[in-house]
Amino acid sequence: MILERFSMLGIAVVAVGASTVLYTNVAARTVRALPTGLARRVRPALWIAPAALVVSVVLIYPAGATVVLSMFDADGGGFVGLRNYTDLLSKPSTLVALRNSLMWVIGLPLLGAVLGLIVAVLTDRVRYGPWVKAALFVPIAVSAVATAVIWRFFYEYKPAGTAQTGTLNELVTRLGVGPVPWLIDGWVNNPALIATAVWTQTGLCAVIFAAALRGVSVDLYEAASLDGASPWHQFRHITLPLIWPTVVVVLTTMAVIALKAFDVIYVMTNGSYDTDVLATLMYKELFSARDDGRSGALATLLMLSVAPIVWFNVRHYRSSLRGMR
Amino acid sequence: MSEVMKGLGAGLAVVLSVTAIGHSAWATTSESNGTAPDSTSAARVAALEAAGGSEIGGSVNVMGVLGGEELDDFLAVIEPFEEATGIDVEYEGTRDFGAVLQTRVDGGNPPELAVTPAIGLIAELADEGEVIDLRGVLGDEVLEASFDPGLIATASNDEIVFGAFNTINLGGLMWYNPQAYDGPTEPASWDELIEWATSKAAEGESPFCVTLESGAASGWPAADFIDEIVLRQAGPEFHTRWRNLEVEWTAPEIRQAYETYGQMITPQGMAFGDVNSVLGTNFANAADPMFGDEPGCFLTQQATFMGGIIAGNFPDLTPVDDYDFFAVPDFSTEFPNLRGIGGEIVAMFEETPQSVALTEYLVSVEAGTLIAETGRWLSPNRQVDSSSYIDPFLSKASVILQESEGSYNLANSLMPQSVVDAFWHSGLEYTQDPDNLDEILATVEAARQDAL
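Since the model is a prediction, treat every value here as computed from it, not as a measurement.

A. Structural context of the overall build of chain B. If you tally the helices and strands in chain B, you get 19 helices and nine strands. Relative to the globule expectation of 22 Å for 452 residues, the C-alpha radius of gyration of chain B, 21 Å, shows essentially globular dimensions. If you line up chain B on its principal axes, its C-alpha atoms span 70 × 50 × 40 Å. Within chain B, contacts between residues at least 6 apart in sequence are counted, and of these 79% link residues at least 24 apart. Total accessible area on chain B is roughly 16500 Å²; 48% of this is exposed by carbon and sulfur atoms. Between the mean site of the 15 positive side-chain charges and the mean site of the 73 negative ones, chain B shows a separation of 3 Å.

B. Region of the structure containing the environment of Pro130(A). Locating Pro130(A) in the fold gives a position in helix H5 (residues 129-141). Expressed as a C-alpha distance, the spacing of Pro130(A) and Tyr273(A), which sit 143 residues apart in the sequence, is 40 Å.

C. Focus on the sheet that holds strand E5 (residues 173-176) of chain B. Residue and element names in this part refer to chain B. In space, the three strands of this open sheet follow the order E6-E5-E7, with antiparallel pairing throughout. Unpaired on one side and paired on the other, strand E6 (299-302) and strand E7 (324-327) mark the two borders of the sheet. Neighbour-to-neighbour, the strand axes of the sheet open up by a mean angle of 35 degrees, direction not taken into account. Of the pairings in the sheet, the one linking E5 to E6 comprises four bridges and is antiparallel in character. Residue Trp175 lies in a different strand from E6, and its bridge partner there is Thr300.

D. Representation of the domain arrangement of chain A in the model. Residue and element names in this part refer to chain A. On domain assignment, one finds that chain A holds domain 1 (2-69) and domain 2 (86-324). Between the C-alpha centres of domain 1 and domain 2 the distance comes to 35 Å. On the domain 2 side, the residues contacting the four residues of domain 1 number six residues. Carbon and sulfur atoms supply 78% of the area that domain 1 and domain 2 bury against each other, a total of about 360 Å² over both sides. For the domain 1 face of the interface with domain 2, the top three residues by lost area are Thr66, Val67 and Leu69, together amounting to 87%. Our enumeration of links across domain 1 and domain 2 arrives at zero salt bridges. If you look at where domain 1 meets domain 2, you find zero residue pairs in polar contact (both at pLDDT 80 or more). Of the residues assigned to the side of domain 1 that touches domain 2, the class counts are three nonpolar, one polar and no charged.

E. Local environment of the state of the cysteines. All names here are of chain B. Under the definition given, this model contains one disulfide over all chains. Sulfur-sulfur distance for the disulfide between Cys209 and Cys297 comes to 2.1 Å. With the S-S bond torsion at 110 degrees, the cross-link from Cys209 to Cys297 turns out right-handed. Of this pair, Cys209 sits in the loop between helix H9 (190-202) and helix H10 (220-234) while Cys297 sits in the loop between helix H13 (275-280) and E6, placing them 88 residues apart in sequence. Residues Cys209 and Cys297 agree in their burial class; the two are buried.

F. Fine view of the interface of chain A and chain B. Tallying the contact residues gives 24 residues for chain A and 30 residues for chain B. Linking chain A to chain B there are four salt bridges. Between Arg294(A) and Asp450(B) there is a salt bridge whose closest N-O contact spans 3.2 Å. Counting every contact that joins chain A to chain B gives eight residue pairs in polar contact (both at pLDDT 80 or more). Of all the secondary-structure elements, those providing two or more residues to the side of chain A that touches chain B are helix H6 (144-155), helix H11 (263-268) and helix H12 (278-288) of chain A.

G. Inspection of the pattern of salt bridges at higher detail. Inspection of the entire model under this criterion finds 26 salt bridges over all chains. Between Asp124(A) and Arg125(A) there is a salt bridge; the shortest N-O distance is 3.1 Å. Judged by its relative accessible area of 14%, Asp124(A) falls in the buried class. Given a relative accessible area of 39%, Arg125(A) falls into the partly exposed group. Residue Lys396(B) is joined to Asp324(B) by a salt bridge in which the shortest nitrogen-to-oxygen separation is 2.9 Å. Pair noted here: Lys396(B) is in helix H17 (residues 392-403) and Asp324(B) is in strand E7, with a separation of 72 residues, a long-range link. Overall, Asp324(B) belongs to the buried group, its relative accessible area being 9%. Look at the salt bridges and you will find they share partners, linking Asp87(A), Lys91(A), Glu285(A), Asp291(A), Arg294(A) and Asp450(B) into a network.

H. Quick peek at the nonpolar core. Phe162(B), Trp242(B), Trp249(B), Tyr258(B), Tyr261(B), Leu358(B) and Tyr361(B) are the most contacted members of the largest nonpolar core, which totals 150 residues. Here this core takes eight residues from H10(B), the largest share from any one element. Not counting chain neighbours up to four residues away, the residues in contact with Trp242(B) comprise Asp227(B), Val230(B), Val247(B), Trp249(B), Ile254(B), Ala411(B), Met415(B) and Phe423(B). Core analysis: the second largest hydrophobic core is formed by 37 residues, Val264(A), Val277(A), Ala297(A) and Val306(A) among them.

I. The arrangement of the environment of Asn84(A) in detail. Residue and element names in this part refer to chain A. Relative to the elements of secondary structure, Asn84 occurs in helix H3 (residues 83-89). Asn84 gets classed as buried once you look at its relative accessible area, which sits at 5%. For the pair formed by Asn84 and Gly296, sequence separation is 212 residues and the distance between their alpha carbons is 8.8 Å. The residues touching Asn84, leaving out its near neighbours within four places in the chain, are Leu69, Ser70, Met71, Phe72, Gly293, Arg294 and Ala297. Within the structure, the side chain of Asn84 is placed 2.8 Å from the backbone oxygen of Phe72, a separation counted as a polar contact.

What counts, and where the lines are drawn
Residues numbered from 1 in each chain as written. Chains lettered and ligands numbered in written order. Predicted model: local features only at pLDDT ≥ 70, side-chain atom pairs only at ≥ 80, totals over all residues. Heavy atoms only, no water. Helix = DSSP H or I, 4+ residues; strand = E, 2+ residues; numbered from the N terminus. Rg over C-alpha atoms; globule rule 2.2 N^0.38 Å. Contact = heavy atoms within 4.5 Å. Areas by Shrake-Rupley, 256 points an atom, 1.4 Å probe, with all protein chains shown as cover. Lys, Arg positive; Asp, Glu negative; His and termini not counted. Charge placed at Lys NZ, Arg CZ, Asp CG, Glu CD. Pairing = 2+ DSSP bridges. Axes fitted to C-alpha atoms, helices over the stretch in contact; angles between N-to-C directions. Domains from an automatic or database assignment. Buried area = accessible area lost by both parts, 1.4 Å probe. Salt bridge = Lys/Arg side-chain N within 4 Å of Asp/Glu carboxyl O. Polar contact = N/O pair within 3.5 Å; in protein donor to acceptor, adjacent residues only side chain to side chain. Nonpolar A, V, L, I, M, F, W, Y, C, P; charged D, E, K, R; others polar. Disulfide = S-S within 2.5 Å. Buried < 20%, exposed > 50% of the residue type's maximum accessible area, 1.4 Å probe, protein only. Core = buried A, V, L, I, M, F, W, Y, C linked by side-chain atoms within 4.5 Å.

Next up, the structure:
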């Protein structure tokens, strides 16, 4: 069975490689054979075609089909217009999920970026910097499910008066506050889940910021300190403006990750105690209620909420490219 | 196993455990791993017969939910089949069974066989015409000779028999520590047990150990017990209508079952710890406080597999001497001595010589004997000799089942998944806020309405 899989993998690798070579050859020859005027117009189309094909098959078509499905009933049989949307938005559970998604989309980027930036700035150009960054980067390599399991232990709750096995509760009990049911209490459970995601993403943010900081010339800091600028002023008026494009990229990437949040929540609470977000709700509508219409509607809502971030990101990227020229 | 490893095991169980008493998320073993050679050779003969008398070879793809030691035990039952027939059984275990099976069926690539506790899910697929009628594969005669009519009915819809039971767990047991427990071990009624518990709580000791956390399936231990209470308080006829979604969740019988379950947790001091520890502690650790110099609690309600879990958590304890169970007493004089069970069924999606052979084999009394000998499950096959149960707990459970007035599969593995999810969830909500029962029941009722 495993051998079979490996041979299939081998075949796939060879086949993809071979067809890529074949396609580029044929395309190049075709362009060469055409008269110059026509070739100029055909060339980009030929090169874009494979990517366009793949994107339409695996992205555009499913997205479109999802939007269409969202206007049909549970098994895709009858057209219901926008009823799935109105049904969903009148359910308290959806409103809670929307609130939580909003909390994620604000909390994760903000905390991830701020902590990542602090780490990057503090470890920039110091001897032990790479080690700190490497240590913080490790969590991104841990699978989300494993992360969630680890953090469940971290948040574990035992009744007051008994030995606390969860690290965090042992800590707060020693500080004189009773044990806190981190994943159950309605005030702390969503932040507790977001904190888990922050743990996985901070290292990534720090590494991206560190790379950006490398791009800031040391001369600027020397000049600034000669003029008597304090470290804070140097950060505020030199570092931040110069790495601002990176900050925006990090914030938007984290926002998209926050909207996609699923695994951590699925493992740690599965949406119990009002911790559902749009993605977990979509999963439940699809695989538990088997309602293609409603899950399609939730997917569409999710897509719509990501769209402005992506649009902003693309626009920002373009303007920064223009700036470079 | 070191404490760390144990912790990790528990953690994985947290993530992986999916269903109700159909199976335990992890478990353990008893001493009975060595199967007697004669039952193995008998199984080989039965396997060859199932394959039409020749080594037909080929392979069969089986999807299920088992992993770890549970899977090892199941594969040990399959092994004689593979040896005798040359058929390669490819078992694909996933804890996200519903989603994976659904996707594969929708994609036109179902497994040939599924072995699963999610009977409700298979029933839904059967209604959509995706499942093969086992009556045609096995024949009425074999089915009726092997299974109680109730079990056949559970795995049937109006037209077809969509599954055959493969393993069974007996629910509704009270596990206790004989060294510490001073209450009745043969209480005549639930009220008698609660009377003892109330006096215990008045002395400042918690009688019940209740924990409900189980990853994505959290709440099922409460739902399982409420389910059993409905069966034994309102009767089988009501229970059947209820599981067929013909009864509103706001019905007085359902409400009463929740409140009866609530007697274990709601009054101050009844359940060990506090509400948050009941909600947040994994079900597999429910019995942990029973064992120690000063037990924190004395009784935990769970199915047969709890014995394996206790053995895993406390390898030094001796079964029967240090932990044992009695069956939860009757809730109603009107419906005495009923039992709630859970189990895994085999369902067929693709009819091939190999899948037919494996199904015939699993239904055979020889395979049932091997299942009994694993010490993990009860065999649903009524021809299996009760002496095949080497494990003391299973042997006791098989007697309880035989002496019962009737055994019924718990409803929460038969209902559509969306209702089941709401039901499990309601177990958490009711534990957290018992005064809010009206609203909680209305939420599950809304899920039922949606599923109709």
